[in-house]
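Close look at the chain arrangement
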Amino acid sequence: MLSVRSLSIDFGAGAARVHAVKDISFSIGAGETLALVGESGSGKSVTGLALTRLLQEPPAVYSGGEILFEDRDVLKMSPAELRRLRGGKIAYVFQEPSTSLNPVFTVRSQIAEALSLHRPEVSDVDAEVARCLDLVGIVDPSKRMHDYPHQLSGGMQQRVMIAMALACHPQLLVADEPTTALDVTVQAQILDQMRLIKQQIKMAMLLITHNFGIIGGIADRVAVMFRGSIVEHGSTAEVLHNPQHPYTKALIGCIPQLGQRRRRLTTIDYSTLG
Amino acid sequence: MFSYLLRRILFFVPIVAGVMLLTFALFFMVQSPKAMAHRVLGPKATPKAVELWLHNRGYDKPLLINRIPEQPWYDSLFISQMRRLATFDLGSSDVTGRPLAEVFRQGALPSLLLTVPAFLAGLVMSVGLALYLVFIRNAAADFIASLLCVALMSVPVMVYVIFGQYLVAQVFNYFPAFGFQLNGWSTAKFLLLPIALMIVSGLGADVRLFRALFLEELGQDYIRTARAKGVSSAVVLMGHVFKNGLINLITLVVASLPFLIMGSLLLENFFGIPGLGNVLFTAIQLPDFAVVQASVFLGSLLYLGGLLLTDVCYAWADPRIRLH
């Protein structure tokens, strides 16, 4: 369904040019979940945004490769085609729900906006918004949808973000650090919810995270990004239990284990990674 | 909401009293009431005429507190004036004796005819231009427009006035360069030039400010969310950016509303428009303390009212703000 081939993305021009993503390739089949794991600055968020060409150009430059979605190159689409793709076929959930929702519009109007763009045939908008909120586990959705984002907790805000992303039945959900801004218990709830939804509706997912600890139960495959390149790629079980690349090994070594008696947390020694 | 408004309006009383006390102190620190009488009546006035002038206007009373035995302490110039103002009785001019309520009513119309169109047109133009510049941001036209704005800002208002009067009025003879006559639609010919000058002199700074304000909104996370939903650039700008920018815009705009009625001191003088700015300017020169005092009184009330209105508008535009 989605196939990224030798994609390269740069930022800036001339001497200040930075190669943020270097010649990466991966693909996601219908209903499949790929976890893109890497540290801050490794290029994983840039990759996620690039899938619908959401990066600000300039400074971003798509310097090579192609992004094929249903056999069409996203990089060659017209603005109108891109708008149909965004939210309609590929939807996003971002890291910080408190700033990612517009503070001056109600939850209902923000979800209704997505519906009006991609599913204009929906006549009873209120009922559909309530149904979306119910799907992500929001209690009393017909009342909550008239709330403004600041009236909701962080976990509920993220549920609203997910509801908004799912409202238009996308084929691919790009979840960019969806649980990073949330505390650990809420993190677990949100991940459970996403797992549940994935079982209910057939939807592919690109889960972008720095945390190997959360991908276990949810991702089918893992791609590890380091300094703009994919250094390791395989099934989740394979990568978690038998990592090949030294960076992946180091990253997995950093996950704190329950019952472990160590006084210092493991860190990564970059001098050995080349 | 109601108790909030009531509380805020109660606070007006000590604030206005403080402003009045300061104005009073500043005015009579510069000159005694006697010196004022001499300036108004001329150097040849007899001591008797001066005394009569002072007595008729109450200036023969002690300034702040009456310490004369057998007289009530509050029978002073300042306190008796405050008691009069508290009933919204503005009194009458020290010089002409005309009731000030009438003077201000007459002056308000020319002032508003000048400032309201200039304000509204200027606001629409600067917000529209700013939104357009944000829409085409980073393009060459955006850069050139920014340069033009700085140029517009850098020219002093006086230069606009002098060149406007010279070019439009003298050389091309489109409008009269000076004067004012309230006469239906033909009043416009006296006002178009000062209105245009008022817009031009403020446009550069406003466009730059609003552009910066909207650009800041454009970088917010929720704008990325809107784009990720497939919202078009124009709708992102008019819906998401504008509604959020509005909150900041309100502070700048609503607080300036009261000044519209006070008129434009400079332009009214240069174009001979008999508005409130002109009234105040003449009163300071004469000097006519009654007019200065009444202007400051009304001005501070209007200003406080404007600030209150700003806060009410805030609550209306931003759901995160509640007044209680």
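Residues numbered from 1 in each chain as written. Chains lettered and ligands numbered in written order. Predicted model: local features only at pLDDT ≥ 70, side-chain atom pairs only at ≥ 80, totals over all residues. Heavy atoms only, no water.

1. A closer look at the overall build of chain B
- Along its length, chain B carries 14 helices and 0 strands.
- Over its C-alpha trace chain B gives a radius of gyration of 25 Å, far above what one expects of a compact globule, namely 20 Å for 324 residues.
- If you line up chain B on its principal axes, its C-alpha atoms span 80 × 60 × 35 Å.
- Pairs at least 24 apart in sequence give 70% of the contacts found in chain B among residues at least 6 apart.
- For chain B, the accessible area works out to roughly 17300 Å², and carbon and sulfur atoms hold 70% of it.
- A gap of 4 Å separates the mean positions of the 23 positive and 16 negative side-chain charges of chain B. (Helix = DSSP H or I, 4+ residues; strand = E, 2+ residues; numbered from the N terminus. Rg over C-alpha atoms; globule rule 2.2 N^0.38 Å. Contact = heavy atoms within 4.5 Å. Areas by Shrake-Rupley, 256 points an atom, 1.4 Å probe, with all protein chains shown as cover. Lys, Arg positive; Asp, Glu negative; His and termini not counted. Charge placed at Lys NZ, Arg CZ, Asp CG, Glu CD.)

2. So, the pairing of strand β9 (residues 221-226) of chain A
All names here are of chain A.
- Counting buried residues along β9, 6 of its 6 residues qualify, which places the element largely inside the surrounding structure.
- Bridging between strand β3 (residues 33-37) and β9 involves 4 bridges; their strand directions are parallel. Considered in β9, the bridge of Leu 36 is made with Ala 223.
- Of the strand pairs in this sheet, β9 and strand β10 (residues 229-235) are connected by 6 bridges, and their pairing is antiparallel. Looking at β10, one finds that Val 224 is bridged to Glu 232. (Buried < 20%, exposed > 50% of the residue type's maximum accessible area, 1.4 Å probe, protein only. Pairing = 2+ DSSP bridges.)

3. Focus: the pattern of salt bridges
- One pass over the structure, following the stated rule, counts 18 salt bridges over all chains.
- Among the ionic pairs, Glu 121 of chain A bridges to Arg 119 of chain A, the shortest N-O distance being 3.9 Å.
- Asp 311 of chain B serves as the salt-bridge partner of Arg 8 of chain B, at 2.6 Å between the closest nitrogen and oxygen. Of this pair, Arg 8 of chain B sits in helix α1 (residues 2-30) while Asp 311 of chain B sits in helix α14 (residues 289-317), and the two are 303 residues apart along the sequence.
- The exposure class of Asp 311 of chain B is partly exposed, given its relative accessible area of 22%.
- Salt bridges sharing common partners tie together Arg 119, Glu 121, Glu 128 and Arg 131 of chain A. (Salt bridge = Lys/Arg side-chain N within 4 Å of Asp/Glu carboxyl O.)

4. Considering the interface of chain B and chain A
- If you look at the interface, chain B gives 21 residues, while chain A gives 28 residues.
- Area buried by chain B at its contact with chain A is led by Arg 227, Lys 229 and Pro 319 of chain B, which between them contribute 29% of it.
- Run the count over chain B and chain A and you get 1 salt bridge.
- Glu 113 of chain A is paired through a salt bridge with Lys 229 of chain B; the nearest N and O atoms lie 2.9 Å apart.
- Counting across the interface, chain B meets chain A through 11 residue pairs in polar contact (both at pLDDT 80 or more).
- At the level of secondary structure, the elements contributing two or more residues to the side of chain B that touches chain A comprise α9 (221-228) and α10 (233-254) of chain B.
- Here the residues of the side of chain B that touches chain A sort into 7 nonpolar, 6 polar and 8 charged. (Buried area = accessible area lost by both parts, 1.4 Å probe. Polar contact = N/O pair within 3.5 Å; in protein donor to acceptor, adjacent residues only side chain to side chain. Nonpolar A, V, L, I, M, F, W, Y, C, P; charged D, E, K, R; others polar.)

5. Looking at the packing of helix α8 (residues 188-218) of chain B against α10 of chain B
All names here are of chain B.
- Where α8 meets α10, the closest approach of the two axes is 9 Å, and the angle between their N-to-C directions is 125°. Classified by the angle their axes make, α8 and α10 are oblique. Read as a crossing pair, α8 and α10 show a hand that is right-handed. Side by side, α8 and α10 meet where Leu 209, Phe 210, Leu 213, Phe 214, Glu 217 and Leu 218 of the first sit next to Val 236, Leu 237, Val 241, Phe 242, Asn 244, Gly 245, Asn 248, Leu 249 and Leu 252 of the second.
- Partitioned by chemical class, the residues of the contact of α8 with α10 number 11 nonpolar, 3 polar and 1 charged. (Axes fitted to C-alpha atoms, helices over the stretch in contact; angles between N-to-C directions. Parallel < 35°, antiparallel > 145°, perpendicular 65-115°, else oblique. Left-handed = near helix turned anticlockwise from the far one by under 90°.)

6. Some points on the environment of Gln 151 of chain A
Residue and element names in this part refer to chain A.
- With respect to the helices and strands, Gln 151 occurs in the loop between α6 (141-144) and α7 (154-166).
- For Gln 151, a relative accessible area of 38% corresponds to the partly exposed category.
- Separated by 90 residues in the primary sequence, Gln 151 and Val 61 have C-alpha atoms spaced 39 Å apart.
- Reaching out from Gln 151, the side chain makes a polar contact with the backbone nitrogen of Tyr 148 at a distance of 2.6 Å.

7. So, α9 of chain B
- Here α9 of chain B has its buried residues at Tyr 222, Ile 223, Thr 225, Ala 226 and Ala 228 of chain B.
- Packing partners of the buried residues in α9 of chain B comprise β6 (90-93), α3 (97-100) and α7 of chain A together with α8 and α10 of chain B.
- Once α9 of chain B finishes, Gly 230 of chain B follows within two positions and takes phi at roughly 100°, a positive value.

8. Description of unusual backbone geometry
All names here are of chain A.
- Even without being glycine, Ser 6 reaches a positive phi, approximately 45°.
- Position of Ser 6 among the secondary structure elements: in strand β1 (residues 2-11).
- With phi around 60°, Arg 53 is a residue other than glycine that occupies positive phi space.
- Of note, Arg 53 is situated in the loop between α1 (44-50) and β4 (60-69).

9. Considerations on the domain arrangement of chain B
Residue and element names in this part refer to chain B.
- Domain boundaries in chain B define domain 1 (2-86) and domain 2 (108-317).
- Computed over C-alpha atoms, the centres of domain 1 and domain 2 are 35 Å apart.
- In this complex, domain 1 contributes 22 residues to the contact, which on the side of domain 2 involves 17 residues.
- Both sides together, the interface formed by domain 1 and domain 2 hides about 1700 Å², and carbon and sulfur atoms give 76% of it. (Domains from an automatic or database assignment.)

10. Considerations on the confidence of the model for chain B
All names here are of chain B.
- Across chain B, pLDDT averages 85, with 100% of residues at or above 70.
- Mean pLDDT per element in chain B: helix α11 (residues 258-262) is the minimum at 75, and α9 is the maximum at 92.
- Both confidence scores are given for the complex: pTM 0.79, ipTM 0.87. (pLDDT = per-residue confidence, 0-100.)

11. Side note on the packing of α1 of chain B against helix α4 (residues 77-86) of chain B
All names here are of chain B.
- Two elements in contact, α1 and α4, have axes separated by 11 Å at closest approach and are oriented at 140°. Taken as axis vectors, α1 and α4 run oblique relative to one another. In the packing of α1 onto α4, the handedness of the crossing is right-handed. Contact residues: α1 offers Ala 17, Met 20, Leu 21, Phe 24 and Phe 28, while α4 offers Leu 77, Phe 78, Gln 81, Met 82 and Leu 85.

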